[in-house]
Amino acid sequence: MTEMQYTKDHEWIRAEGDIATVGITDFAQNSLGDVVYVDLPEVDQEFTAGESLGEIESTKSVGELFAPAAGTVVEVNDAVADDPTLVNSDPTGAGWLVKVRFSEQPEVLSADEYAELTK
Amino acid sequence: MTAMTPLAQVHESAGALFTDFAGWQMPVKYTSELAEHQAVRTAAGMFDLSHMGEIRVQGAEAGAFLDMAFAGRLSTMKLGQAKYTLLLAENGGILDDVIVYRLGDTNYLVVANASNCATVLEQLQQRVAGFDATVADESSETALIAVQGPASAEIVSAAGIESEPLDGLKYYRAMEGIFEGEDMLIARTGYTGEDGFELYVPNHAAVSLWETLARVGESKGLQLCGLAARDTLRLEAGMPLYGNELGLDWLPEQAGLGKVVALTKDEDFIGRKAVEQGASADAPVLVALTAEGRRAGRSGYPVFDGDQEVGVVTSGALSPTLGVPIAMAYVHPAARDSSELSIDVRGKRIPATITSLPFYKREA
């Protein structure tokens, strides 16, 4: 498994072959608060960089899942749609949101760079 | 500049996530705002509300002055009574909603929202002219700790506060107490829809009182609570929030607070003329809405009647207790009878139904 990378929008990306799994970071879930609703895209949906792929709603606010780069949705995590609390309890594991195939390189931060951003 | 309460260090050590609220650095949550909300409904929660404003009004004519300055009749309150009232502008707009405690024959405490404390103070200082009364801001010396929830009486009783027994203190009443040699005020008031207490103490006693309450409350399910839980609790209880449901653009009657305005009192009060004149027939009115599903209409989201935009949501959330979206909204009065209301949730229309406040009421 490759190393996890991060975006300025507080998402994480883990690439395995040509498929990348995307979710929101622990920092993001903590800032957002208890997640009560997750809206995810359709499989096969094509998207451009920066496009909203879905919404993560907590009691107090709404966060968007922004596409880190252009690509296509390969799989969505139906488990989080059924149980949105997974985003809080395991944001980088069972709380993953989408698997995508990027058609361009996303702009990413290393773990250290991301840690610096959220300091 | 961001102000800190005397409890800021304690919150930091407890792992609070902070937010800027009315210029104050306040805990928004400690762990999970849903767990905090639930704790208040089922056991107890403790809030730091030291950002709120405490203004002391004293003097031979303090009661008469307050009757003129506020929309409620305060001079006839009993000793130890608390009352919810409004500070109005001349045009009837709402400058703040406050709680006034009568603590002596000529001694009252006005508790203002943090965001409006400066306005309330300034207005009272102007309005006091000609009365034998004084207005003193005690906000910067006073900390406020709220313990709310069904277990709150048990917890506050165990904190080593010297006072008359709490069972004798009715809802919306206050009495004096002593904590570690310091005079304090114990009020049975709150903003959560549950039984609870608001404890006013001098700043230097705040940390000790907080830690004592946390310690004795631990076995009784007490959770430290932030402003996020406070907001969903007050929304379920149908209580307005200044800046959301209340403001200068609305008359009390539009906000459903007509009853708070004492038009029966003989004395004139500022804003009376405008309130008596009333709002125009098509002025927006505050309503309560519920919806289906899990997507909440939030502050600023438009409300539709069929295809016509008829209003705007002022507060909304997925109700943690009821499990459905709830909202308060200002709508055109005709929309109150509509069966085709919906909230525009970021482009998607969610059907909504008018209901009555509160959304949640505790069992007596």
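In this text, all values refer to a predicted model and were calculated from it rather than measured experimentally. (Residues numbered from 1 in each chain as written. Chains lettered and ligands numbered in written order. Predicted model: local features only at pLDDT ≥ 70, side-chain atom pairs only at ≥ 80, totals over all residues.)

J.: Talk me through the overall build of chain A; I want residue IDs and the actual numbers.
T.: Of regular secondary structure, chain A possesses four helices and nine strands. Secondary structure elements in chain A, listed N-terminal to C-terminal, are β-β-β-α-β-β-β-β-β-α-α-β-α. Each principal axis of the C-alpha atoms in chain A carries an extent, and together these give about 35 × 35 × 25 Å. In chain A, which comprises 119 residues, the proportion classed as buried is 43%. Expressed as a percentage of contacts within chain A between residues at least 6 apart in sequence, the contacts between residues at least 24 apart total 60%. (Helix = DSSP H or I, 4+ residues; strand = E, 2+ residues; numbered from the N terminus. Buried ≥ 20, exposed ≤ 12 C-beta atoms within 10 Å, placed from the backbone. Contact = placed C-beta atoms within 7 Å.)

J.: Break down the sheet that holds strand S2 (residues 17-21) of chain B for me, citing the residues and quoting the values.
T.: Residue and element names in this part refer to chain B. An order of S1-S3-S2 is seen for the three strands of this open sheet, with the pairing classed as mixed. Looking at strand neighbours, the two that pair on one side only are strand S1 (3-4) and S2, the edges of this open sheet. One ladder, built from five bridges, connects S2 with strand S3 (residues 24-29); its direction is antiparallel. What sits directly across from Phe-21, in S3, is Trp-24. Running over the sheet, helix H7 (residues 227-236) touches S2 and S3 and is turned about 70 degrees from S3. (Pairing = 2+ DSSP bridges. Axes fitted to C-alpha atoms, helices over the stretch in contact; angles between N-to-C directions.)

J.: Which residues make up the UniProt feature "domain: Aminomethyltransferase C-terminal" (unreviewed entry) in chain B, and what are the values?
T.: Taking the numbering used here, the UniProt-annotated feature "domain: Aminomethyltransferase C-terminal" (unreviewed entry) corresponds to residues 286-361 of chain B. Annotation note: span residues 286-361 of chain B, helix share 0%, strand share 54%, distance between end C-alpha atoms 19 Å. (UniProt positions renumbered as here; feature names shortened; annotations may be inferred.)

J.: Describe the UniProt feature "binding site: substrate" (unreviewed entry) in chain B, listing the residues and the values that go with them.
T.: Residues and elements named next belong to chain B. In this numbering, the UniProt entry assigns the feature "binding site: substrate" (unreviewed entry) to Glu-198. Checked against the element boundaries, Glu-198 lands in strand S13 (residues 196-202). Those residues in contact with Glu-198 that lie beyond four places of it in its chain are Leu-144, Ala-146, Ala-187, Thr-189 and Gly-190.

J.: Go over the UniProt feature "modified residue: N6-lipoyllysine" (unreviewed entry) in chain A, please, and point to the residues and values.
T.: In this numbering, the UniProt entry assigns the feature "modified residue: N6-lipoyllysine" (unreviewed entry) to Lys60(A). Taking the C-beta count within 10 Å as the criterion, Lys60(A) has 22 such neighbours and is therefore assigned buried.

J.: I'd like to hear about the domain arrangement of chain B, residue by residue, with values.
T.: All names here are of chain B. The domain boundaries assigned to chain B delineate domain 1 (1-279) and domain 2 (280-364). Each of domain 1 and domain 2 was reduced to a C-alpha centroid, and the two centroids are 27 Å apart. For the side of domain 1 that touches domain 2, the element with the most residues is helix H2 (residues 33-42), which contributes four residues. Each residue belonging to the side of domain 1 that touches domain 2 can be placed in one class, and the counts come to six nonpolar, eight polar and four charged. (Domains from an automatic or database assignment. Nonpolar A, V, L, I, M, F, W, Y, C, P; charged D, E, K, R; others polar.)

J.: Would you mind going over the packing of H2(B) against H7(B) in detail, with residue names and values included?
T.: Residues and elements named next belong to chain B. It is the contact of H2 with H7, at a shortest axis distance of 8 Å, that shows an interaxial angle of 50 degrees. Between H2 and H7, the angle falls in the class oblique. Note on packing geometry: the crossing formed by H2 with H7 is right-handed. Across from Glu-33, Glu-36, His-37 and Val-40 in H2, the residues of H7 making contact are Ala-228, Ala-229, Thr-232 and Leu-233. (Parallel < 35°, antiparallel > 145°, perpendicular 65-115°, else oblique. Left-handed = near helix turned anticlockwise from the far one by under 90°.)

J.: Lay out the pairing of strand S12 (residues 182-187) of chain B with the relevant residues and their values.
T.: Residue and element names in this part refer to chain B. Note that strand S11 (residues 174-179) and S12 share six bridges and pair antiparallel. Residue pairing across strands places Phe-179 opposite Glu-182, the latter belonging to S12. In this structure, S12 lies alongside S13, joined through three bridges in antiparallel fashion. Bridging across to S13, Leu-185 finds its partner in Tyr-200.

J.: How would you summarise the sheet that holds strand S7 (residues 62-66) of chain A if you had to cite specific residues and measurements?
T.: Within a beta sheet, neighbouring strands are joined by backbone hydrogen bonds and run either parallel or antiparallel to one another. Residue and element names in this part refer to chain A. What the three strands build is an open sheet, ordered S4-S6-S7; its pairing is antiparallel. Sheet topology places strand S4 (35-39) and S7 at the edges, where each strand pairs with a single neighbour. Across the sheet, the mean angle from the axis of one strand to that of its neighbour is 20 degrees, orientation sign disregarded. Pairing of S4 with strand S6 (residues 52-58) involves four bridges; the strand directions are antiparallel. Residue pairing across strands places Tyr-37 opposite Glu-57, the latter belonging to S6.

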